Amino acid sequence: MSSFTPNGLIVAHHGISVEVLFDSGTRRMVRVKRNSGHVVGDSVVVTGEVLKRLPRRTELLRRDARGGIHLVAANLDVLGIVVAPLSPGGFIDRAIVAARSADLEPFLVVNKCDLDGTAELLSALKNVYGGSLPIFPISAVLRSGFGPLEQFLSEGHRGAFVGTTGVGKSSLLNVLCPEIDLKVGSVSEYKSMGRHTTTVSTLHALAGGGELVDTPGFRDFGMVDISVEELAEYYPGFEDHRDAACRFRNCRHSSEPGCAVLELVQQGRIPAERYTTYMELLQEVESQQAAARSRDWKN
Ligand code: GDP
Ligand code: ZN
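Keep in mind that what you see is a predicted model, and the values were worked out from it rather than measured. (Residues numbered from 1 in each chain as written. Chains lettered and ligands numbered in written order. Predicted model: local features only at pLDDT ≥ 70, side-chain atom pairs only at ≥ 80, totals over all residues. Heavy atoms only, no water.)

Along the protein, the regular secondary structure elements total nine helices and 13 strands. Within the protein, buried positions represent 45% of all 299 residues. Within the protein, residue pairs in contact and separated by at least 24 positions form 62% of the contacts whose partners lie at least 6 positions apart. Accessible area of the protein: about 15,800 Å², with a carbon and sulfur share of 52%. (Helix = DSSP H or I, 4+ residues; strand = E, 2+ residues; numbered from the N terminus. Buried < 20%, exposed > 50% of the residue type's maximum accessible area, 1.4 Å probe, protein only. Contact = heavy atoms within 4.5 Å. Areas by Shrake-Rupley, 256 points an atom, 1.4 Å probe, with all protein chains shown as cover.)

What follows is the structure, encoded as structure tokens:
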């Protein structure tokens, strides 16, 4: 490798070509094979039309409806979980566990704080998650509350947002990064169209520091499935007790004898709500794994 070969960062992926931003500030399109395995966020060394990918710090994966696993972005540091009033439950806990298993620091963005009833939602969320991760209340429509979020992103280097459809991820990205210029609202039309066109993933530098990756296919889909082990290790509310010594090393904290987590729940040191939700997620994860095993078995 010549020492004059410039280092680059993949800032857009168009399916058959990627856009590389070089350390010098110049940009160039480089052709790639359709399934070359390069993603936005990859650091590369470019020689002519040949891309050499440098080792990744982190990988963010998602699973599609048919069970296939896709790499979404490389080298992210933080993952923003976006919620709004009436967001379905369970999403936050799953997303936190998935982020932590991928070595990303999760944070919570509570959007639509201009709506009635947000104060209750916010205090409930602070109660449950305040000790586990940073929470940023904002209103994308009013463009308010963005200061602390922008400050955090500038310290967090590179991030992406996840959240269910309609929580305002496009609106939020448009405020943080006007050059993205995403369509807001018109969900069905825009999103069904997106399925037939090549999904363009992009990486954007924020004016105040930090970077955001936008991957349309990922914004409203789920992350890759989490395992029972990951759930038990990263579940929000259990993290202060990670050193608690259960009798069995691979304890699921369900009904095992000598479970230290169960004891903490009985002592009231882990809130009952946290434990009930954990058990629901555990059942979900276990039945998903059983389904995946029988799929693999048949194939
Ligand atoms: P996405 O599906 O998560 O990308 O959500 P969108 O950004 O497309 O927004 C969905 C709907 O929520 C749109 O009608 C937005 O105008 C609305 N919306 C987004 N942010 C806010 C907000 O801060 N307050 C209120 N009241 N509505 C919002
Ligand atoms: Zn246990």
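Looking now at the coordination of the zinc ion (ligand 2). Binding of the zinc ion (ligand 2) to the protein goes through Cys-246 (SG), Cys-251 (SG), His-253 (ND1) and Cys-259 (SG), at separations of 2.2 to 2.4 Å. Given four donor atoms and angles of 102 to 115 degrees at the metal, the environment of the zinc ion (ligand 2) is assigned as tetrahedral. Counting residues between consecutive donors of the zinc ion (ligand 2) along the chain gives the motif C-x4-C-x1-H-x5-C. Pair noted here: Cys-246 is in the loop between α7 (228-234) and α8 (260-266) and Cys-259 is in the loop between α7 and α8, with a separation of 13 residues, a long-range link. Comparing Cys-246 with Cys-259, the two get one shared label, buried. (Donors = N, O, S within 2.8 Å, 3.2 Å for Na, K, Ca; no water. Tetrahedral: all angles 85-135°; square planar, octahedral: opposite > 155°, others 65-115°.)

By secondary structure assignment, the location of Leu-104 is in the loop between α1 (91-101) and β9 (105-110). Between the C-alpha atom of Leu-104 and that of Gly-80, which follows or precedes it by 24 residues, the distance is 9.8 Å. In this structure Leu-104 touches Thr-58, Leu-60, Leu-76, Asp-77, Leu-79 and Ala-99, once residues within four positions along its chain are discounted.

Now for the pairing of strand β5 (residues 50-53). With four bridges connecting them, strand β4 (residues 43-47) and β5 associate as antiparallel partners. Looking across to β5, one finds that Val-44 is bridged to Arg-53. Taking the residues that link successive antiparallel strands as the turn, the β4-β5 hairpin has two residues, and the phi of Gly-48 there is positive, at about 60 degrees. (Pairing = 2+ DSSP bridges.)

Next up on the list: the site of ligand 1. Taken together, 18 residues are adjacent to ligand 1, and Asp-114, Gly-166, Lys-169, Ser-170 and Ser-171 come closest. Lys-112 is positioned such that a nitrogen or oxygen atom in its side chain is 3.1 Å from an oxygen atom of ligand 1. At a separation of 3.3 Å, an oxygen atom of ligand 1 approaches a polar side-chain atom of Ser-139. The protein chains hide 81% of the 580 Å² of surface that ligand 1 would expose on its own. With three residues, the single largest contributor to the shell around ligand 1 is helix α4 (residues 169-176). Residues of the shell around ligand 1, tallied by class, amount to five nonpolar, nine polar and four charged. (Near = heavy atom within 4 Å. Polar contact = N/O pair within 3.5 Å; in protein donor to acceptor, adjacent residues only side chain to side chain. Nonpolar A, V, L, I, M, F, W, Y, C, P; charged D, E, K, R; others polar.)

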